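# Descriptive analysis of the structure
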Amino acid sequence: ESIKSHLRSLLSLLDHARNYPQLEDNYYELFNLLHPCPIQWGFGYEWERFIDHALTMDGSKHKQDRLLADLAEIQFNTGNFSKAIQTCDKLISFSGAAIDQLSRAVSIKIDSYRLMAHPEISNKIFAQWSVDFHLDKPASQVPQHFIEGWLRLKRYSLQSLRELGKVKQALDVAHELV
């Protein structure tokens with residue numbers, strides 16, 4: 001809470017540090033100390049440019065997937081669906097992406113297309129990833145590191161069935177989720 005009260009000053013400091021290459025290590029260190037708190041405190045829109053900058057730094061390579069997922073989520077939450085889709089595509093093509101971050105990207109991409117009135121594209125993406133995230137299995141048979149992705153895609157399945165008026169199937173999926 002005490003850091004939150006100084007957030008504006010810290011953001012200003014980071015803004016200025018971006019202009020000095022010799023401060024890159026310091027920038028990245030402060031960025032890492034703060035991230036993801038600004039997002040959790042409701043400053044995601046302002047934090048977006050700092051994530052963008054951190055992604056250009058060598059030090060970000062080991063957590064690039066997390067930063068890309070956080071960036072896509074900010075873009076999605078601020079209604080910038082096209083940009084969120086582009087960021088998700090970067091994460092999805094990133095060979096070292098962790099499964100939980102990959103599932104975030106797939107989910108954001110599906111939801112973005114859905115909200116842009118392209119359910120056919122959302123459904124195609126959903127079908128493409130259903131096997132990878134073990135949607136054909138009950139939760140008890142899904143490998144632990146795939147559970148988050150399974151939950152995210154099952155949520156989309158529930159939402160789609162509900163929108164199509166398939167109440168019985170939607171209830172079956174809801175029971176799986178519980």
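Above this text you will find the structure in question.
Residues numbered from 1 in each chain as written. Predicted model: local features only at pLDDT ≥ 70, side-chain atom pairs only at ≥ 80, totals over all residues. Heavy atoms only, no water.

In this section: a negative patch on the surface. Together, E24, D25, E29 and D58 give the surface a local cluster of negative charge. Within the fold, E24 resides in helix α2 (residues 24-34). (Patch = residues over 30% accessible without salt bridge, like charges linked within 9 Å, V, L, I, M, F, W, Y side chains within 5 Å. Areas by Shrake-Rupley, 256 points an atom, 1.4 Å probe, with all protein chains shown as cover. Salt bridge = Lys/Arg side-chain N within 4 Å of Asp/Glu carboxyl O. Lys, Arg positive; Asp, Glu negative; His and termini not counted. Charge placed at Lys NZ, Arg CZ, Asp CG, Glu CD. Helix = DSSP H or I, 4+ residues; strand = E, 2+ residues; numbered from the N terminus.)

Moving on: the packing of aromatic side chains. In total, this model carries 8 aromatic pairs according to the counting rule given. For the ring pair Y27 and F31, a centre distance of 6.4 Å and an interplane angle of 10° mean the geometry is stacked. Taken as a pair, Y27 and F31 lie in helix α2 at a separation of 4 residues, close to a single helical turn. Each member of the pair, Y27 together with F31, is buried. When the ring of W47 is compared with that of F50, the centres are 5.3 Å apart and the planes differ by 40°; the resulting orientation is tilted. With a gap of 3 residues between them, W47 and F50 both fall in helix α4 (residues 44-55), about one helical turn apart. Judged by relative accessible area, which is 0%, W47 ranks as buried. (Phe/Tyr/Trp six-rings, centres within 6.5 Å; stacked < 30°, edge-to-face > 60°. Buried < 20%, exposed > 50% of the residue type's maximum accessible area, 1.4 Å probe, protein only.)

With that settled, the discussion passes to the pattern of salt bridges. Counting across every chain of the model gives 12 salt bridges. For E48, the salt bridge is made with K83, and the minimal N-O distance between the two is 3.8 Å. Here E48, found in helix α4, pairs with K83, found in helix α6 (residues 81-93); they are 35 residues apart in sequence, far enough to count as distant.

Structurally, Q159 can be placed in helix α9 (residues 147-163). Judged by its relative accessible area of 16%, Q159 falls in the buried class. Aside from chain neighbours lying at most four places away, what touches Q159 is D111 and R114. (Contact = heavy atoms within 4.5 Å.)

What follows is about the environment of R66. By secondary structure assignment, the location of R66 is in helix α5 (residues 64-77). Once the C-alpha coordinates of R66 and R104 are considered, the two residues, 38 residues apart in sequence, prove to be 9.4 Å apart. Apart from the residues lying within four places of it in its own chain, the contact partners of R66 are P36, Q101 and R104.

In this structure, the amide linkage connecting H35 to the following residue, P36, adopts the cis form with an omega of 5°. Positive phi is not limited to glycine here, since A117 has a value of about 65°. Take A117: its relative accessible area is 59%, and that puts it in the exposed class. The backbone of H134 sits at a positive phi, close to 60°, despite the residue not being glycine. Its location among the elements puts H134 in the loop between α8 (119-130) and α9.

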